[in-house]
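What follows is each chain in one-letter form.
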Amino acid sequence: MNKAVRKAVIAGNWKMNKTRPEAQALINELKPLVKDADCGVIICVPYTNLETALEATKGTNIEVGAENCHWAASGAFTGEISAGMLTEMGVKYVIIGHSERRQYFGETDATVNLRVRAALDAGLDVILCVGELLEQREADITEEIVGMQTKVALGGVSAEELSRIIIAYEPVWAIGTGKTATAEQANEVNHYIRTVVAKLYGDAAAEAMTIQYGGSMNAKNAAELLAQPDVDGGLIGGAALKAADFNTIIEAASK
Ligand code: PEP
């Protein structure tokens with residue numbers, strides 16, 4: 001497997017943080033820091049910040065994503081946002097299947113698949129999150145869990161569409177906990193996901209796929225994680241809220 005053929009992508013997941021003025025200030029701080037990045041730079045922001053982020057990043061190398069979308073094009077789904085509403089605004093990416101959606105909002109592999117399909121159909125590129133719970137790792141079923149999540153989420157996705165998907169391996173026990181997977185653990189599961197994708201779509205597609213690691217990646221541990229052969233970038237929560245830390249991770253990915 002050849003890391004050089006893949007694009008490293010660092011994506012920030014702001015979660016439920018930042019008012020519009022706070023978002024504007026963070027992006028203003030970020031823009032000059034990351035302008036020469038040699039990797040993809042994405043910020044996934046709350047719906048209320050999308051317009052601010054799109055405006056503030058115009059003409060820069062920062063791309064904007066949402067943190068979720070619904071699978072229906074429109075209808076009686078109070079509180080939800082459709083993929084088409086996002087593309088109409090100019091949003092390029094959407095996170096689907098984040099563990100916090102699975103944990104707190106009843107997302108299942110089946111609804112993740114519906115959302116992936118809807119996002120692709122509407123023209124969004126997808127950051128698809130998969131990852132095991134601590135008890136699943138302890139029961140030694142990480143590969144089974146992550147393999148199943150990946151296969152179900154990619155149901156009905158064509159080989160051509162696959163090039164618009166980034167997979168983020170995010171062990172649930174490492175998200176927001178300060179407990180990072182070791183570089184070896186991250187690489188091992190990322191590699192396994194690549195073999196699952198290879199079985200479904202062939203070696204070339206798997207080799208070309210960007211597979212990120214996410215889970216307490218920060219300015220200190222990013223370089224070691226990102227140096228792993230199967231870790232092609234990161235999905236960053238807490239550290240994406242500080243421009244300097246996010247930039248340090250971007251610099252590590254640019255090497
Ligand atoms: C995330 O939200 O996807 C994430 C990885 O969060 P954190 O970096 O804070 O663990």
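This is a predicted model, so every value here is computed, not measured.

## Re the nonpolar core
In terms of nonpolar packing, the biggest core is built from 69 residues, with Ile-43, Leu-128 and Ile-165 touching the most fellow members. In terms of residue count, helix α9 (residues 183-201) provides more of this core than any other element does, seven residues in total. Residue contacts for Leu-128: discarding those within four places in its chain leaves Ile-96, Val-112, Val-116, Ala-153, Leu-154, Ile-165, Ile-166, Ile-167 and Ala-168.

## A closer look at the pattern of salt bridges
Under the defined criterion, the tally for this structure stands at 14 salt bridges. The partner of Arg-6 in a salt bridge is Asp-232, and the shortest N-O contact between them spans 2.9 Å. Linking Arg-6 in the segment before β1 (9-13) with Asp-232 in the loop between α11 (222-226) and β8 (233-236), this pair joins segments that are 226 residues apart in sequence. Both residues of the pair, Arg-6 and Asp-232, belong to the buried class. With its nearest N and O atoms 2.7 Å apart, the salt bridge here joins Arg-115 to Glu-107. A single burial state applies to Arg-115 and to Glu-107, both of which are buried.

## Side note on the side chain of Thr-111
Along the chain, Thr-111 turns up in helix α5 (residues 109-122). Within polar-contact distance, the side chain of Thr-111 engages the side chain of Glu-107 at 2.9 Å.

## Here's the deal with α5
If you check α5, its first and last C-alpha atoms are 20 Å apart, about what 14 residues at 1.5 Å a residue would give, namely 20 Å. Within α5, ten of the 14 residues are buried, leaving the element largely enclosed by the surrounding structure. Those residues of α5 lying buried are Asp-109, Thr-111, Val-112, Asn-113, Arg-115, Val-116, Arg-117, Ala-118, Ala-119 and Leu-120. A positive phi of about 100° marks Gly-123, the residue just after α5.

## What about the site of the ligand?
The environment of the ligand is made up of 14 residues, and the closest members are Lys-15, Glu-170, Gly-176, Ser-216 and Gly-237. Contacts to the ligand include His-98, whose side-chain N or O atom sits 2.9 Å from an oxygen atom. In the model, an oxygen atom of the ligand is placed 2.8 Å from a nitrogen or oxygen of the Gly-237 main chain. Starting from 290 Å² of accessible surface for the ligand in isolation, the protein chains cover 95%. Classifying every residue of the shell around the ligand gives four nonpolar, eight polar and two charged.

Scoring rules and cut-offs
Residues numbered from 1 in each chain as written. Predicted model: local features only at pLDDT ≥ 70, side-chain atom pairs only at ≥ 80, totals over all residues. Heavy atoms only, no water. Core = buried A, V, L, I, M, F, W, Y, C linked by side-chain atoms within 4.5 Å. Buried < 20%, exposed > 50% of the residue type's maximum accessible area, 1.4 Å probe, protein only. Helix = DSSP H or I, 4+ residues; strand = E, 2+ residues; numbered from the N terminus. Contact = heavy atoms within 4.5 Å. Salt bridge = Lys/Arg side-chain N within 4 Å of Asp/Glu carboxyl O. Polar contact = N/O pair within 3.5 Å; in protein donor to acceptor, adjacent residues only side chain to side chain. Expected span 1.5 Å × (residues − 1). Near = heavy atom within 4 Å. Areas by Shrake-Rupley, 256 points an atom, 1.4 Å probe, with all protein chains shown as cover. Nonpolar A, V, L, I, M, F, W, Y, C, P; charged D, E, K, R; others polar.

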